Amino acid sequence: MKVIGLTGLIGSGKTTVANIFIRHGVKVIDTDQIAHDITASNGIAIPMIIKQFGARYIDNSGALSRDKMRELVFGDESAREELEKILHPIIFDEVNRQIAAFNVESYLILMVPLLFKSPRYLKITSRNIFVDCNYDAIVSRLKARNNFTQHQVDNILATQVTREKQMLLADDIIYNNGGIDNLEQQVNLLHEKYLQLK
Ligand SMILES: CC(C)(COP(=O)(O)OP(=O)(O)OC[C@H]1O[C@@H](n2cnc3c(N)ncnc32)[C@H](O)[C@@H]1O)[C@@H](O)C(=O)NCCC(=O)NCCS
Ligand SMILES: Nc1ncnc2c1ncn2[C@@H]1O[C@H](COP(=O)(O)OP(=O)(O)OP(=O)(O)O)[C@@H](O)[C@H]1O
């Protein structure tokens, strides 16, 4: 079984691309989803977050207060590192559990936004896809989806490996600067290619 890494800048279209692979019957492991699950109400990371950051970062339902934590960690590198120190090992263990449980014959997709900063994931993946999207499209999509300001988007992008560097590091690039239709054709071609991987 091959593991294909899928990454891209915030709001670039990783989930949209992953959903097209899913329609082909491909299994997708999504580290953002795992991060959400372990910080939901009664999630296993919640006690460690309270210990490190205090109960003010937990909402009334017992889940991580994502807005408050986002404001903190994308303006404070050491806080981000503390949060990552809590969450990343748990996420990595869960990824390995899911890979073992899936028992796929051909390939699966592993979606990791920080892939090119994460040597332990790069050890698992056979090839890596970068979903490319230009800055203006990212800002306008995140304004529409999350109501983010340009400043908020800039703060998050500043913590991520640059678009140019990720394009150089990727084996395959999916261009998502225009409409959705063209995405499907690009994913279809990659799907055929990955089915042939030895
Ligand atoms: C700060 C948090 C609470 C903000 O939550 P929010 O719901 O706004 O974002 P969500 O988790 O859905 O992530 C959306 C995108 O933000 C970007 N992002 C998330 N975490 C990070 C990070 N540590 N560094 C850089 N970018 C990040 C990615 O592009 C990701 O796709 C959340 O992002 C978080 O818990 N981050 C730390 C965990 C992590 O590193 N996750 C990445 C998957 S391994
Ligand atoms: N080609 C496109 N045209 C228009 N809107 C798009 C396109 N691709 C994605 N979007 C929209 O842009 C937003 C971001 O896309 P998506 O959620 O797939 O990105 P992501 O990389 O998974 O985001 P995140 O980094 O926040 O997890 C969504 O609202 C999605 O519907």
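All values derive from a computational prediction rather than experimental measurement.

Participant: Could you give an account of the packing of helix α3 (residues 46-53) against helix α5 (residues 77-102), naming the residues involved and the relevant values?
Facilitator: Put simply, α3 and α5 touch, their axes get as near as 11 Å, and they point 160 degrees apart. Taken together, α3 and α5 sit at an angle that is classed as roughly antiparallel. The crossing of α3 and α5 is right-handed. Between α3 and α5, the contacting residues are M48, I49, Q52 and F53 on the first element and A79, E82, L83, I86, L87 and I90 on the second. Considering only residue class, the contact of α3 with α5 consists of eight nonpolar, one polar and one charged.

Participant: Tell me what's going on with the site of ligand 2, and back it up with residues and numbers.
Facilitator: With respect to spatial proximity, 15 residues lie near ligand 2, and among them K14, T15, T16, R145 and N176 are the closest. Between ligand 2 and T15, the relevant distance is 2.5 Å, taken from an oxygen atom to a side-chain nitrogen or oxygen of the residue. N176 is positioned such that a nitrogen or oxygen atom in its side chain is 2.7 Å from a nitrogen atom of ligand 2. Protein coverage of the free-state accessible area of ligand 2, which is 630 Å², stands at 75%. Going through the elements one at a time, α1 (14-23) and α7 (135-146) are the ones with two or more residues in the shell around ligand 2. Top element by residues in the shell around ligand 2 is α1. It accounts for three residues. Of the residues belonging to the shell around ligand 2, the class tally is three nonpolar, eight polar and four charged.

Participant: How would you sum up the domain arrangement of the protein? Please name residues and give values.
Facilitator: Parsing the protein into structural domains produces domain 1 (1-27 + 105-198) and domain 2 (40-103). Averaged C-alpha coordinates put domain 1 and domain 2 at centres separated by 22 Å. Tallying the contact residues gives 15 residues for domain 1 and 14 residues for domain 2. The junction of domain 1 with domain 2 conceals about 1,300 Å² of combined surface from both sides, 71% of it contributed by carbon and sulfur atoms. For the domain 1 face of the interface with domain 2, the top three residues by lost area are R120, Y121 and T159, together amounting to 33%. Linking domain 1 with domain 2 are zero salt bridges. Where domain 1 packs against domain 2, one counts one residue pair in polar contact (both at pLDDT 80 or more). No other element matches helix α8 (residues 150-157), which puts three residues into the side of domain 1 that touches domain 2. Partitioned by chemical class, the residues of the side of domain 1 that touches domain 2 number nine nonpolar, three polar and three charged.

Participant: Would you mind going over the site of ligand 1 in detail, with residue names and values included?
Facilitator: Around ligand 1, the structure places 20 residues, and the nearest of them are D32, R66, R70, E84 and H88. A distance of 2.7 Å separates an oxygen atom of ligand 1 from a polar side-chain atom of R70. H88 is positioned such that a nitrogen or oxygen atom in its side chain is 2.7 Å from an oxygen atom of ligand 1. Those elements that place two or more of their residues in the shell around ligand 1 are α2 (31-38), α4 (66-73) and α5. Among the elements that make up the shell around ligand 1, the one with the highest residue count is α5 (six residues). A breakdown of the residues in the shell around ligand 1 according to their chemical character gives nine nonpolar, five polar and six charged. Each of domain 1 (1-27 + 105-198) and domain 2 (40-103) accounts for three or more of the residues forming the shell around ligand 1.

Each value, and the rule that gives it
Residues numbered from 1 in each chain as written. Chains lettered and ligands numbered in written order. Predicted model: local features only at pLDDT ≥ 70, side-chain atom pairs only at ≥ 80, totals over all residues. Heavy atoms only, no water. Axes fitted to C-alpha atoms, helices over the stretch in contact; angles between N-to-C directions. Helix = DSSP H or I, 4+ residues; strand = E, 2+ residues; numbered from the N terminus. Parallel < 35°, antiparallel > 145°, perpendicular 65-115°, else oblique. Left-handed = near helix turned anticlockwise from the far one by under 90°. Contact = heavy atoms within 4.5 Å. Nonpolar A, V, L, I, M, F, W, Y, C, P; charged D, E, K, R; others polar. Near = heavy atom within 4 Å. Polar contact = N/O pair within 3.5 Å; in protein donor to acceptor, adjacent residues only side chain to side chain. Areas by Shrake-Rupley, 256 points an atom, 1.4 Å probe, with all protein chains shown as cover. Domains from an automatic or database assignment. Buried area = accessible area lost by both parts, 1.4 Å probe. Salt bridge = Lys/Arg side-chain N within 4 Å of Asp/Glu carboxyl O.

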